[in-house]
Amino acid sequence: MDYKLIKFEISNGVARITLNRPDVLNSFNKAMGGEVQDALDICSSDNTIRAVLLTGEGRGFCAGQDLEEAMSPDTKIEDVVRMTYNPMILKIREIEKPVICAVNGVAAGAGANIAFGCDLTLAGSSVKFIQSFIKIGLIPDSGGTYILPRLVGMQRAAAMTMLGDKMTAEEALNLGLIYKVVDDEQLMEEAIALAERLAQMPTFGIGLTKRGLNHGLKVDLPTQLEFEAGIQAEAAGSEDYKEGVNAFLEKRKAVFKGV
Ligand code: T3D
């Protein structure tokens, strides 16, 4: 696919997806949603890609749905949710590679929930997160009603989504919504370093770890313990497991291939 609304670059095992509609704070129209989904499919299937980095161009990360497009008579809102946001969130959660998000500016509506749905989210210190759906009478989609109560508890999730107040990066960090706050000027450098570090790690094991974390959100402890036994067996069958143990015993640095 020839991308027009995102940038897609691969370097040192890291695929960087940059939302690229800066004039509208990288809000999503259907076309950009399609491009992001296509890029995520490539990230999933290309074995040379061992980490994904999602960010935005310009002064915003993402202002959610493009409201001009949402108002078009051709747009059915449930189709937008089903065709743009649901598959994107599922791809981010189900791709068995680490997805890092570098939130470079305001993240509103679906933009906030996409950031919260990534594996490791870094935000610049001046960033604001806004559950802005309710400001226009909508509900928090893109997994908001699923992930927010699980991450911050029902009361805080209700306050965030019913009031729609701006939240600072520091507040998001303290609530466990993101991994780290970084000086704005250092954000990309730090996000790339983190992604490149992850891309040198046992990718297959990271993928199984992610599968385990996803599964654990949905089941009881005995079921999850049994699930862990199964995926641990898969991890133990990997080349990286052999390399990790051999490197430890031989007192050298492991070189992981991701398989
Ligand atoms: O189909 C469906 O609707 C279902 C899916 C829903 C998912 C959702 O995400 S619903 C939530 C949609 N998003 C919003 O409601 C956020 C709207 N934007 C804002 O509230 C503000 O722009 C921000 C708080 C994010 C940032 O404010 P500020 O003052 O820093 O920037 P600004 O001046 O408002 O925006 C800059 C430009 O981007 C401006 O255009 P202009 O005047 O320079 O030509 C503005 O219109 C444009 N822009 C910002 N957000 C959107 C947008 N254009 C279209 N859609 C947007 N969401």
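Not measured: the values here are computed from a predicted model. (Residues numbered from 1 in each chain as written. Predicted model: local features only at pLDDT ≥ 70, side-chain atom pairs only at ≥ 80, totals over all residues. Heavy atoms only, no water.)

**Some words on the overall build of the chain**
So, point 1. The helix and strand inventory of the chain stands at eleven helices and ten strands.
So, point 2. With the C-alpha coordinates aligned to their principal axes, the bounding extent of the chain is approximately 60 × 40 × 35 Å.
So, point 3. When burial is assessed residue by residue, the chain has 46% of its 259 residues classed as buried.
So, point 4. Surface summary for the chain: the accessible area is close to 13,300 Å², and the carbon and sulfur share equals 56%.
So, point 5. In the chain, 27 side chains carry a positive charge and 35 a negative one; their mean positions are 3 Å apart. (Helix = DSSP H or I, 4+ residues; strand = E, 2+ residues; numbered from the N terminus. Buried < 20%, exposed > 50% of the residue type's maximum accessible area, 1.4 Å probe, protein only. Areas by Shrake-Rupley, 256 points an atom, 1.4 Å probe, with all protein chains shown as cover. Lys, Arg positive; Asp, Glu negative; His and termini not counted. Charge placed at Lys NZ, Arg CZ, Asp CG, Glu CD.)

**Thoughts on empty space enclosed by the protein**
So, point 1. For the structure shown, the criterion picks out one cavity of 30 Å³ or more.
So, point 2. Estimated volume of the largest cavity: approximately 30 Å³.
So, point 3. Contributing to the lining of the largest cavity are I17, V36, L40, V52, L54, M88, I92 and V99.
So, point 4. Counting residues per element, the ones that place at least two in the lining of the largest cavity are α1 (30-45), β3 (51-56) and α3 (77-94).
So, point 5. Its residues assigned to classes, the lining of the largest cavity comprises eight nonpolar, no polar and no charged. (1 Å grid on protein atoms, 1.4 Å probe; cavity = no way out; pocket = protein on both sides within 12 Å on 5 of 7 lines; lining within 4 Å. Points joined across faces, edges and corners; volume = space filled by probe spheres on them. Nonpolar A, V, L, I, M, F, W, Y, C, P; charged D, E, K, R; others polar.)

**Regarding helix α11 (residues 239-249)**
So, point 1. Taken together, the buried positions of α11 are occupied by D240, E243 and A247. Viewed end-on, α11 has its buried residues packed into an arc of 60°, placing them on one side of the element. For α11, exposure combined with an orientation more than 90 degrees from the buried face picks out F248 and L249. (Arc of directions from axis to C-beta.)

**Looking at helix α5 (residues 144-152)**
Helical geometry note: an α-helix holds 3.6 residues per turn, so side chains three or four residues apart project in the same direction.
So, point 1. Within α5, the full set of buried residues consists of G144, I147, L148 and V152. The buried residues of α5 occupy one face: seen down the axis, they fall within an arc of 100°.
So, point 2. Buried positions along α5 lie against α4 (110-117) and α6 (154-163).
So, point 3. Just past α5, the residue G153 takes up positive phi, approximately 90°. (Contact = heavy atoms within 4.5 Å.)

Scope: geometric values only; no functional claims are made or implied.
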